[in-house]
Amino acid sequence: MAKERLHFDGWIGALGTASGTRLVWGHWPLSPFGAFSDVMIEQPDGERRLLAPSRRIADFVAATYTFERVEVLPVQVRSEGNRWYVRAGPLVLDVVTGSRTALGLLLRTVPATLARSRTWAAVCDVPARLLPGVRTLGSAGPDRREWYGARDLHRVRAASAVLGGRHLGALAPVDPPVAFGFGSAPRAPSVVRVTSTVEIAVGPVHRPPSTA
């Protein structure tokens, strides 16, 4: 069966909160869908929720990861220096990052072409497995594979998160690891520049059930 590779270049941020809710946001200036952002939420009871800006994007993401709830609504993510602002329906999230980490300095040397390489992702997957839940290569749903190439990293120093009018509490590790797909974000709250490649089988699109 023929395969097609879709490349997404942007940023993934992830953090935990004292309430037990964990938040992951993606900001993708370059993608096959044009520029977009999305948010994944995992509640303390394990319910996984996707907030996506269009039905097309929601269907693609929900076919790549696993959620109990999928919602289509406006999602806005912007950065100003070391501050990130995420607005997605019921979620209001403000984040302050620290300076680039030593690992971030190293990742900055990775060329864009290498970050897209499946072989490179397989090599990086070995040390990545030393971090609980973290993977750089794996299965992403039926007839799909995905791999990540990280290119920068900043730790999150502070965050304020409100979901449905309820404050989620102080910044906390991403613990337990999120379970949207084959791998979790790092335990330490962070914002990572990343190239994500999704390899899909070319054929009919099977849309999973979703609710708007």
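What you are looking at is a predicted structure, and each value in this text was computed from that prediction instead of being measured.

J.: Just to check I follow, could you spell out the overall build of the protein for this structure?
T.: Along its length, the protein carries 4 helices and 13 strands. Against the 2.2 N^0.38 benchmark of 17 Å for 212 residues, the protein shows a C-alpha radius of gyration of 16 Å, consistent with a compact globule. For the C-alpha atoms alone, the extent of the protein along its principal axes is close to 50 × 40 × 30 Å. When each of the 212 residues of the protein is scored for burial, the buried share is 48%. A separation threshold of at least 6 residues defines the contact pool for the protein, and within that pool the share at least 24 residues apart is 61%. Entry remark: accessible area of the protein is about 10200 Å², with carbon and sulfur atoms responsible for 56%. Each charge sign in the protein was given a centre, from 26 positive and 17 negative side chains, and these centres are 4 Å apart.

J.: Explanation requested: unusual backbone geometry in the structure shown.
T.: Most peptide bonds take the trans configuration, and most residues that are not glycine carry a negative phi. Cis rather than trans, the peptide bond between D175 and P176 has omega equal to 0°. Topologically, P176 is positioned in the loop between β12 (171–172) and β13 (190–201).

J.: Which parts of the structure should I look at to understand the packing of aromatic side chains?
T.: Aromatic rings considered in pairs are described by the distance between their centres and by the relative angle of their planes. With the rule as written, the count across this model stands at 9 aromatic pairs. Between F8 and F33, the ring centres sit 6.1 Å apart and the planes meet at 35°, which makes this aromatic pair tilted. Separated by 25 residues along the polypeptide, F8 in strand β1 (residues 3–17) and F33 in the loop between β2 (22–30) and β3 (36–42) bring together distant segments of the chain. Assessed through its relative accessible area of 6%, F8 is described here as buried. Relative to F36, the ring of F33 lies with its centre 6.1 Å away and its plane at 85°, an arrangement referred to as edge-to-face. Taken together, the aromatic side chains of F8, W28, F33, F36 and F60 make up a single cluster linked through ring pairs. Here the basic side chain of R78 rests over the ring of Y85, its NZ or CZ set 4.4 Å away from the ring centre.

J.: I would appreciate a short explanation of the pattern of salt bridges in the present structure.
T.: Two side chains that carry opposite charge are able to pair once their charged atoms sit near each other. For the structure shown, the criterion picks out 14 salt bridges. Among the ionic pairs, R55 bridges to D59, the shortest N-O distance being 3.6 Å. Placement of the pair is R55 and D59 together in helix α1 (residues 55–64), with a separation of 4 residues, close to one helical turn. On the basis of relative accessible area, R55 is assigned to the partly exposed category, the value being 28%. Given a relative accessible area of 10%, D59 falls into the buried group. Note that R78 and E80 form a salt bridge whose closest N and O atoms lie 2.3 Å from each other. By relative accessible area, E80 is classed as partly exposed at 45%. Through salt bridges with shared partners, a single network forms among E47, R49, R69 and E71.

Cut-offs and rules
- Residues numbered from 1 in each chain as written.
- Predicted model: local features only at pLDDT ≥ 70, side-chain atom pairs only at ≥ 80, totals over all residues.
- Heavy atoms only, no water.
- Helix = DSSP H or I, 4+ residues; strand = E, 2+ residues; numbered from the N terminus.
- Rg over C-alpha atoms; globule rule 2.2 N^0.38 Å.
- Buried < 20%, exposed > 50% of the residue type's maximum accessible area, 1.4 Å probe, protein only.
- Contact = heavy atoms within 4.5 Å.
- Areas by Shrake-Rupley, 256 points an atom, 1.4 Å probe, with all protein chains shown as cover.
- Lys, Arg positive; Asp, Glu negative; His and termini not counted.
- Charge placed at Lys NZ, Arg CZ, Asp CG, Glu CD.
- Phe/Tyr/Trp six-rings, centres within 6.5 Å; stacked < 30°, edge-to-face > 60°.
- Lys NZ or Arg CZ within 6 Å of the ring centre and 35° of its normal.
- Salt bridge = Lys/Arg side-chain N within 4 Å of Asp/Glu carboxyl O.

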